[in-house]
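Next come the chains, spelled out residue by residue.
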Amino acid sequence: MAERLPIITGVRLTPILVSDPPLLNLSGVHQPYTPRLIVELDTDGGVPGLGETYGDTVYLERAAELGPELVGRSIGAITEIARIGGGEGRLLDAAPAASGLRGALTTDKVRASVVSAFEVAALDALGRRLGVPVHTLLGGKVRDRVDYCAYLFYKWAEHPGGDGPADDWGAALDPDGVLRLARKFVRHGGFRSFKLKGGVMAPEEEIAAVRALAAEFPGLPLRLDPNGGWSLRTALRVAAELGGIVEYLEDPVATVDGMAQVHRRTGIPLATNMIVTSMDEVLPAFERDAVQIVLSDHHFWGGLLATRDLAAVCRVHGRGLSMHSNTHLGISLAAMTHVAATVPELNSACDTHYPWQAEDVVTERFTFTDGAVTVGDAPGLGVDLDRDAVARLHERWKSLPQWRDRDDVAAMRRADPAYRPPDSSRF
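Rules of the game
- Residues numbered from 1 in each chain as written.
- Predicted model: local features only at pLDDT ≥ 70, side-chain atom pairs only at ≥ 80, totals over all residues.
- Heavy atoms only, no water.
- Axes fitted to C-alpha atoms, helices over the stretch in contact; angles between N-to-C directions.
- Helix = DSSP H or I, 4+ residues; strand = E, 2+ residues; numbered from the N terminus.
- Left-handed = near helix turned anticlockwise from the far one by under 90°.
- Contact = heavy atoms within 4.5 Å.
- Nonpolar A, V, L, I, M, F, W, Y, C, P; charged D, E, K, R; others polar.
- Domains from an automatic or database assignment.
- Buried area = accessible area lost by both parts, 1.4 Å probe.
- Salt bridge = Lys/Arg side-chain N within 4 Å of Asp/Glu carboxyl O.
- Polar contact = N/O pair within 3.5 Å; in protein donor to acceptor, adjacent residues only side chain to side chain.
- Core = buried A, V, L, I, M, F, W, Y, C linked by side-chain atoms within 4.5 Å.
- Buried < 20%, exposed > 50% of the residue type's maximum accessible area, 1.4 Å probe, protein only.
- UniProt positions renumbered as here; feature names shortened; annotations may be inferred.
- Expected span 1.5 Å × (residues − 1).
- Arc of directions from axis to C-beta.

## Observations regarding the packing of helix α7 (residues 232-242) against helix α8 (residues 256-266)
When two helices pack together, their arrangement is given by the angle between the helix axes and by the axis-to-axis distance.
Okay, so step 1: α8 packs onto α7 with a crossing angle of 35° between their chain directions and a minimal axis gap of 10 Å. When you trace α7 past α8, the crossing you get is right-handed. Contacts between α7 and α8 involve L232, A235, L236 and A239 on the former and, on the latter, G258, Q261, V262, R265 and T266.
Okay, so step 2: Here the residues of the contact of α7 with α8 are counted per class, giving five nonpolar, three polar and one charged.

Following this line, the structure appears as structure tokens:
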């Protein structure tokens, strides 16, 4: 008779604040601290499970509501866990820009982001219990290394007013600054592809930065992402300028129709993490040929199995797949690496913010070699919690309530009280 799998006996939720550099984007600038939520599952078998997701108030409140529904379930009941708290979604009042430039925020997407951490934690516990890595539970790895790109940002030297943690990256406000950051990524991680977060400077300046990268690193893949901040006219002009230079443009405009026109009129491949962020958005975008590469993200797609489902849909429709990133720590990077290792069609380097984060909650920090993370074979996610670090970052969360919700617009207004986020009419 098969041995019973452990039952979940408790869910521990620990909100934390992680230091973040003053990285610029379409909406504003990163706050000095970014909220994350650490999830721990307790089981009657003594095996723990770890997960990580967004830590803003709306996610924390939903996690507190849904967490008790896990108690009494088997760590092997992954499908049940992925379905908890389901129901008809609605648009939330929170602005998309304040939650990370990842499309409209709905109750379903908040639920999916919370459930993703629960699912990852259950898979981690299951892998620990069975003595196998999470990638085995997902069907087995097809690669031993997962490639990540160097994620370049325009940035200030310090946070507005000097309020916040210092960093050693320095300012990057022109092509020379972007090149300096890229060289540092190469020195410290051997990265072999580059993505520039655009929508910050005038398009001509961002084109110049991409051209400078192409001259400095000939033959390496390049990407530019203005987060839907350009008009159609500007997007067409940038596509014409950078065709054959960039691997793809990411969300050059903010609508399916605009994306379709850019691709149809220029032929340039387009990727998205804003136009397609849930299954009901897939077919409309594919039918219009508005998207050629979908950027998955197990957080807001609802977990690792949902990411595998998305990969299958993209395969059927002949679309590419890569991976989006937001500010995250080692638990999430481990999960990203495990699921990426199982997707044969993942033919572009994944995004990651991890090199920007000076703090972590795992006992052994990940390293990049030739821009890649080695896929581990230790049981579960292969990471352990640094409880001292979690306690320290949780104390910060308790002592700095003003940073508990990410809001790039509000952070920018600390430097310019009259600041208003731009729309496509700016360019």
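So that's the structure; there's more coming.
## Observations concerning the domain arrangement of the protein chain
Many analyses report the size of an interface as the accessible area lost when the parts associate.
Okay, so step 1: Assigned domains of the protein chain: these are domain 1 (7-134 + 386-400) and domain 2 (138-374).
Okay, so step 2: Each of domain 1 and domain 2 has a C-alpha centre, and the two are 22 Å apart.
Okay, so step 3: Taken together, the contacts link 45 residues of domain 1 with 52 residues of domain 2.
Okay, so step 4: The three residues of domain 1 that bury the most area against domain 2 are P22, L24 and E52, which together make up 17% of that side's buried surface.
Okay, so step 5: Counting across the domain 1 and domain 2 interface gives two salt bridges.
Okay, so step 6: The residue E281 makes a salt bridge to K109 at a minimum N-O spacing of 3.5 Å.
Okay, so step 7: There are 20 residue pairs in polar contact (both at pLDDT 80 or more) connecting domain 1 and domain 2.
Okay, so step 8: At eight residues, the largest contribution of residues to the side of domain 1 that touches domain 2 is made by helix α3 (residues 107-130).
Okay, so step 9: Broken down by class, the residue content of the side of domain 1 that touches domain 2 amounts to 25 nonpolar, 12 polar and eight charged.

## Details of the nonpolar core
Okay, so step 1: Core analysis: the largest hydrophobic core is formed by 128 residues, its most contacted members being F118, Y148, L152, V291, V294, I331 and V361.
Okay, so step 2: With 11 residues, the single largest contributor to this core is α3.
Okay, so step 3: Both domains that furnish three or more residues to this core are identified here as domain 1 (7-134 + 386-400) and domain 2 (138-374).
Okay, so step 4: When neighbours within four sequence positions are excluded, I331 is seen to be in contact with I38, L50, G51, E52, V361, V362, L381, V383 and L385.

## Quick look at the UniProt feature "domain: Mandelate racemase/muconate lactonizing enzyme C-terminal" (unreviewed entry) in the protein chain
Okay, so step 1: Under the UniProt annotation, the feature "domain: Mandelate racemase/muconate lactonizing enzyme C-terminal" (unreviewed entry) is placed at residues 175-269.
Okay, so step 2: Between the C-alpha atoms that bound residues 175-269 there is a distance of 24 Å. The span itself is 54% helix and 12% strand.

## Some thoughts on the side chain of D408
Okay, so step 1: For D408, the location among the structural elements is in helix α14 (residues 408-413).
Okay, so step 2: In this structure the side chain of D408 is engaged in a polar contact, spanning 2.7 Å, whose partner is the side chain of R406.

## With respect to helix α11 (residues 304-316)
Okay, so step 1: For α11, which comprises 13 residues, the first-to-last C-alpha distance of 19 Å matches the rise-based estimate of 18 Å (1.5 Å per residue) to within 8%.
Okay, so step 2: Every buried residue of α11 is accounted for by L304, A306, T307, L310, A311 and C314. Buried positions in α11, seen along its axis, are confined to an arc of 155° and lie on one side of it.
Okay, so step 3: Just beyond α11, the residue with positive phi is G318, at close to 70°.

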